[in-house]
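Fold and geometry: a report
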Amino acid sequence: EAVRRTARDDFQTFGTSMFGKVLMTLIGDPASALRYLPDAYARVAPGPNVWTEELDHRTIRLVFRRQRGFVEYTLGQLEGIVLAFNRTPLVTMRHLAPETLAFDVVHGKVA
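Thresholds, definitions, all that
- Residues numbered from 1 in each chain as written.
- Predicted model: local features only at pLDDT ≥ 70, side-chain atom pairs only at ≥ 80, totals over all residues.
- Heavy atoms only, no water.
- Core = buried A, V, L, I, M, F, W, Y, C linked by side-chain atoms within 4.5 Å.
- Buried < 20%, exposed > 50% of the residue type's maximum accessible area, 1.4 Å probe, protein only.
- Helix = DSSP H or I, 4+ residues; strand = E, 2+ residues; numbered from the N terminus.
- Contact = heavy atoms within 4.5 Å.
- Phe/Tyr/Trp six-rings, centres within 6.5 Å; stacked < 30°, edge-to-face > 60°.
- Axes fitted to C-alpha atoms, helices over the stretch in contact; angles between N-to-C directions.
- Parallel < 35°, antiparallel > 145°, perpendicular 65-115°, else oblique.
- Left-handed = near helix turned anticlockwise from the far one by under 90°.
- Arc of directions from axis to C-beta.

This part covers the nonpolar core. Core analysis: the largest hydrophobic core is formed by 20 residues, its most contacted members being Leu34, Leu62, Leu78, Ile81, Phe85, Phe103 and Val105. Taken together, the elements giving at least two residues each to this core come down to α2 (18-27), α3 (30-44), β2 (59-65), α4 (71-84) and β4 (100-110). Once residues lying within four places of it in the same chain are set aside, the contact partners of Phe103 are Ile60, Arg61, Leu62, Phe64, Val71, Thr74, Leu75, Leu78, Val91, Thr92 and Met93.

Here it is, written out as structure tokens:
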């Protein structure tokens, strides 16, 4: 729980920097931010193979193959992205296959 809550602050902290403010303005909403996340992982944390699928207009699935580290940290970061846009997150995690995790992120109502 502590790891998850700590990770929630990552995106909000990034958003307070000048570059972060500009980027968040350009991105505009949590769905777009979640869709761009695989590119960010490829540049900053190479290793896992990450892709997204849009399940419906409020839900983005992020699939991580060969994800390393604390699952709770990834969960907190995904919640933090949605929270940074003043929305209420709901994240469901499931194992799709060995070394493959899916996070279904609902970026719901304005908080």
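There is more to say after this.
Another aspect to go through is the packing of aromatic side chains. Aromatic ring pairs are reported here in terms of the distance separating the ring centres and the angle at which the planes meet. A full pass over the atoms with the stated rule returns five aromatic pairs. Residues Phe11 and Phe85 carry aromatic rings whose centres are separated by 6.2 Å and whose planes lie at 35 degrees to one another, so their mutual orientation is tilted. With Phe11 in helix α1 (residues 2-15) and Phe85 in the loop between α4 and β3 (87-97), this pair connects stretches of sequence that are 74 residues apart. There is no split in this pair, since Phe11 and Phe85 are both buried. Between Phe14 and Phe19, the aromatic rings sit 6.0 Å apart at their centres with planes inclined by 75 degrees, giving edge-to-face as the arrangement. What makes Phe14 partly exposed here is its relative accessible area of 28%.

With that settled, the discussion passes to the packing of α3 against α4. Closest axis-to-axis distance for the α3/α4 pair is 9 Å, and the angle between their directions is 140 degrees. Compared by their axis directions, α3 and α4 come out oblique. Crossing hand, α3 versus α4: right-handed. Contact with α3, carried on its side by Pro30, Ala33, Leu34, Leu37 and Tyr41, involves Thr74, Gln77, Leu78, Ile81 and Val82 of α4 and no other residues of that element.

Positive phi is not limited to glycine here, since Asn86 has a value of about 60 degrees. By the element assignment, Asn86 lies in the loop between α4 and β3. Its identity as a non-glycine residue notwithstanding, Glu99 has a phi of 65 degrees, on the positive side. When you line up the elements, Glu99 lands in the loop between β3 and β4.

What follows covers α1. Within the span of α1, buried status applies to Arg4, Ala7, Phe11 and Gly15. Take α1 and look down its axis: the buried residues cluster within an arc of 110 degrees, on one side only. Residues of α1 that are exposed and point over 90 degrees away from its buried face: Ala2, Thr6 and Thr13. Those residues of α1 that are buried are in contact with α2 and α4.

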